[in-house]
Amino acid sequence: MKKYFFPRISSTNLENKTLLDLGSFTGGRITAWTEKYKLSKGFGIDINPIFKIASEEFSKSLNIDNVYFETGFGENLPYASNSLDFIISNDVFEHVKNVETVLNECYRVLKKGGKLLVVFPQYLQPLEAHLGLVTKANALHWFFPGEIIAAAYNEIVEERKPDSYWYKPESYPLRSWEKLFSLNGTSVRCFKKLIKTQNWVSSDFKVKPILTDGRKSEWIIFKFLSRLFIPLAHMPITNEFFLGRVNCILTK
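Note that the coordinates shown come from a computational prediction; the quantities given were computed from them, not determined experimentally.

### A closer look at a nonpolar patch on the surface
- Together, Trp 142, Phe 143, Phe 144 and Ile 148 give the surface a local cluster of nonpolar side chains, amounting to about 450 Å² of exposed area.
- Along the chain, the position of Ile 148 falls in helix α6 (residues 146-160).

Listed below in structure tokens is the structure:
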């Protein structure tokens, strides 16, 4: 949270507030945030029931009793309208089936003045195609349709069987909403267009180029290259390819 959204918000903004981690995985983040930022209540939701079990066991082990977990989807949030102060979603929006519906649900459950803090890699940047388990080549989706890449991915998995089945795609061929396996194809341009069709009071985007995320971002060569990409990440024509992540705070 601090890396992406401070100082646009501060820890004092979070005190005694309710916050939902949309895509909370095994609950470590929201459990830590609830304690560190003195939230009145923390909530976590993810799609796998086992994450709920793991999250509850983890928070219980730390004697933190004001954090709550659910199993569900962003398209149908199990929370009352106008009930939350903050929602944060880290690297989730690229995976949802319908970004517009998720945005609508976030808007619904936030209180007036509440904020959605969202960060995710947009589809056209070259480094986040989720193909690293079968190839080191980047930007393949710049040159080949998703169906061709998916077919090649699936062929490689089958050739490596049975050891490869742990990273076998959930569904093949691609589902109707997928551009690549588990990716909905949302670009920064698409996301901004969606926001304009909704009733958010304000949108605050932060621009950081590719190569500024992950462990390799600390390498000297990556730091040098990322600075060269800063102008390209700001320009409307090129930011689809050189912006590292959509990083936005939306206010209801």
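### Some details on unusual backbone geometry
- Cis geometry is adopted by the peptide bond preceding Pro 7, which originates at Phe 6 and carries an omega value of 5°.
- By secondary structure assignment, the location of Pro 7 is in the loop between α1 (2-5) and α2 (11-14).
- A cis geometry characterises the amide bond from Tyr 172 onward to Pro 173, with omega recorded as 5°.
- Following the sequence through the fold, Pro 173 ends up in the loop between α6 and α7 (188-196).
- Positive phi, normally seen in glycine, also occurs at Lys 38, with a value near 55°.
- You can see Lys 38 is positioned in the loop between α3 (28-36) and β2 (41-46).
- Using a relative accessible area of 54% as the deciding quantity, one classes Lys 38 as exposed.
- In this structure, Ala 139 takes a positive phi of about 60° despite not being glycine.
- Mapped onto the elements of the fold, Ala 139 is located in the loop between β5 (110-120) and α6.
- Its relative accessible area of 9% is what places Ala 139 among the buried residues.

### With respect to the sheet that holds strand β7 (residues 246-251)
- Reading across the sheet, the seven strands line up as β3-β2-β1-β4-β5-β7-β6 and stay open at both edges, with mixed pairing between neighbours. Looking along the sheet, the strands with just one partner apiece sit at the ends: β3 (67-71) and β6 (202-205). Going across the sheet, the axis of each strand differs from the next one's by a mean of 15°, ignoring polarity.
- Note that β2 and β3 share five bridges and pair parallel.

### Examining the packing of aromatic side chains
- Inspection of every chain in the model, using the stated rule, returns 17 aromatic pairs.
- The interplanar angle of 20° and the centroid separation of 6.0 Å between the aromatic rings of Phe 93 and Phe 120 together place this pair among those described as stacked. Of this pair, Phe 93 sits in the loop between β4 (84-90) and α5 (99-109) while Phe 120 sits in strand β5, placing them 27 residues apart in sequence.
- Here Phe 93 falls in the buried class, since its relative accessible area comes to 1%.

How each quantity is defined
- Residues numbered from 1 in each chain as written.
- Predicted model: local features only at pLDDT ≥ 70, side-chain atom pairs only at ≥ 80, totals over all residues.
- Heavy atoms only, no water.
- Patch = residues over 30% accessible without salt bridge, like charges linked within 9 Å, V, L, I, M, F, W, Y side chains within 5 Å.
- Areas by Shrake-Rupley, 256 points an atom, 1.4 Å probe, with all protein chains shown as cover.
- Salt bridge = Lys/Arg side-chain N within 4 Å of Asp/Glu carboxyl O.
- Helix = DSSP H or I, 4+ residues; strand = E, 2+ residues; numbered from the N terminus.
- Buried < 20%, exposed > 50% of the residue type's maximum accessible area, 1.4 Å probe, protein only.
- Pairing = 2+ DSSP bridges.
- Axes fitted to C-alpha atoms, helices over the stretch in contact; angles between N-to-C directions.
- Phe/Tyr/Trp six-rings, centres within 6.5 Å; stacked < 30°, edge-to-face > 60°.

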